[in-house]
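# Tertiary structure, described
These are the residues of each chain, in order.
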Amino acid sequence: MLLALALLLLVPAQAQAAGYRYWSFWDRSGDRWVYATQGPSTARPSDGDVQGFRFAVSADSSDADQPRGAASFDAICARTPAKDGTKRIALVIDFGTAADAPSGETPPAARSACARVGPDATTAEALASVAKPLRYDTSAMLCAIAGYPRTGCGEQVSSSDGTPTAKDEQDEQDERKDDGSGPSVGLIAGGAVVAVLAGAAVWQARRRRNG
């Protein structure tokens with residue numbers, strides 16, 4: 001009985017699992033995508049590199065959706081010849097699915113582009129040369145590529161009912177600034193479980209004495 005009570009209490013907590021709606025950034029390594037270790041504003045790719053962006057809802061890099069579609073440098077940059085004093089970066093831009101789109105928006109079709117930029121250019125500069133307008137927030141987080149999405153930036157969403165629902169953006173910014181002193185959802189849920197188990201134990205003890 002105690003186990004059943006604990007499980008019933010934990011189910012709602014698990015159903016409230018949240019993620020974030022944002023543009024993830026990827027490097028192509030051989031025949032696979034690898035989550036980038038730098039942001040596009042600091043990464044400086046080399047000539048011949050392939051990089052990708054994917055708009056989706058995910059909790060963190062471990063479950064982030066990868067860019068879809070062809071990711072061959074030779075195919076993407078076939079019509080962009082090499083030129084002295086420049087480098088070519090193949091970019092794959094995946095605007096994601098309707099399920100991950102903000103309310104009222106429709107994701108454009110995925111695209112690829114070959115950016116020819118200066119030898120010291122960052123990925124952000126390469127992206128800006130082929131997919132304007134870009135939009136950033138005050139912390140330099142990439143919010144929109146080619147104007148998509150129109151609003152929002154890394155907002156938290158809930159999948160409790162199976163459909164992502166955006167929370168207030170300010171709440172998300174405040175959460176990111178949290179110093180960690182507040183209790184986590186898991187800690188609160190765990191404390192509630194302990195309280196329920198303790199209450200159930202006391203009830204059973206009294207029942208035995210009264211019996």
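Residues numbered from 1 in each chain as written. Predicted model: local features only at pLDDT ≥ 70, side-chain atom pairs only at ≥ 80, totals over all residues. Heavy atoms only, no water.

Right, let's talk about the pattern of salt bridges for a bit. One pass over the full model with this rule turns up six salt bridges. The salt bridge involving Asp47 is made with Arg88; its shortest N-O contact spans 3.9 Å. Of this pair, Asp47 sits in the loop between β2 (32-35) and β3 (50-58) while Arg88 sits in strand β4 (residues 87-94), placing them 41 residues apart in sequence. Assessed through its relative accessible area of 44%, Asp47 is described here as partly exposed. A residue is classified by how much of its surface remains accessible, and Arg88, at 14% relative accessible area, is buried. The partner of Asp65 in a salt bridge is Arg54, and the shortest N-O contact between them spans 3.9 Å. Pair noted here: Asp65 is in the loop between β3 and α2 (73-76) and Arg54 is in strand β3, with a separation of eleven residues, a long-range link. What makes Asp65 partly exposed here is its relative accessible area of 30%. By relative accessible area, Arg54 is classed as buried at 5%. (Salt bridge = Lys/Arg side-chain N within 4 Å of Asp/Glu carboxyl O. Helix = DSSP H or I, 4+ residues; strand = E, 2+ residues; numbered from the N terminus. Buried < 20%, exposed > 50% of the residue type's maximum accessible area, 1.4 Å probe, protein only.)

The next thing to look at is the packing of aromatic side chains. Within the structure shown, the criterion is met by six aromatic pairs. Members of the aromatic cluster, each reached through a chain of ring pairs, are Trp23, Phe55, Phe95 and Tyr148. Directly above the ring of Trp33 sits Arg28, whose terminal nitrogen or CZ lies 5.0 Å from the centroid. (Phe/Tyr/Trp six-rings, centres within 6.5 Å; stacked < 30°, edge-to-face > 60°. Lys NZ or Arg CZ within 6 Å of the ring centre and 35° of its normal.)

Attention now moves to the pairing of β2. Bridging between strand β1 (residues 18-29) and β2 involves four bridges; their strand directions are antiparallel. Across the sheet, the residue bridging to Asp27 is Val34, located in β2. (Pairing = 2+ DSSP bridges.)

This part is about unusual backbone geometry. Look at the link from Lys132 to Pro133: it is a cis peptide, with omega at -5°. Locating Pro133 in the fold gives a position in the loop between α3 (123-130) and β6 (135-136). Within the chain, Ala140 stands out as a residue other than glycine whose phi angle is a positive 70°. Structurally, the position occupied by Ala140 is in the loop between β6 and β7 (142-144). Classification of Ala140 by relative accessible area gives partly exposed; the value is 46%.

It is worth spelling out the pairing of β1 at this point. Bridging between β1 and strand β8 (residues 156-158) involves three bridges; their strand directions are antiparallel. From the neighbouring strand, Gly19 faces β8, where its bridge partner is Val157. Pairing of β1 with β3, which is carried by eight bridges, proceeds in the antiparallel orientation. Counted as the bridge partner of Tyr22 is Ala56 from β3. Connecting the antiparallel pair β1 and β2 is a turn made up of two residues, with Gly30 showing a positive phi of about 65°.

To continue, consider the side chain of Arg88. Only 2.7 Å separates the side chain of Arg88 from the backbone oxygen of Thr80, close enough to count as a polar contact. Setting aside chain neighbours within four positions, we find Arg88 in contact with Ser46, Asp47, Gly48, Asp49, Phe73, Cys77, Thr80, Pro81, Ala82, Cys114, Ala115 and Arg116. (Polar contact = N/O pair within 3.5 Å; in protein donor to acceptor, adjacent residues only side chain to side chain. Contact = heavy atoms within 4.5 Å.)

The subject of this paragraph is the state of the cysteines. Per the stated rule, a full pass over the model turns up two disulfides. Residue Cys77 pairs covalently with Cys114 via a disulfide, S to S 2.1 Å. Judged by the torsion about the S-S bond (100°), the Cys77/Cys114 disulfide is right-handed. Residue Cys77 is located in the loop between α2 and β4, and its partner Cys114 is located in strand β5 (residues 111-117); the two are separated by 37 residues in the primary sequence. (Disulfide = S-S within 2.5 Å.)

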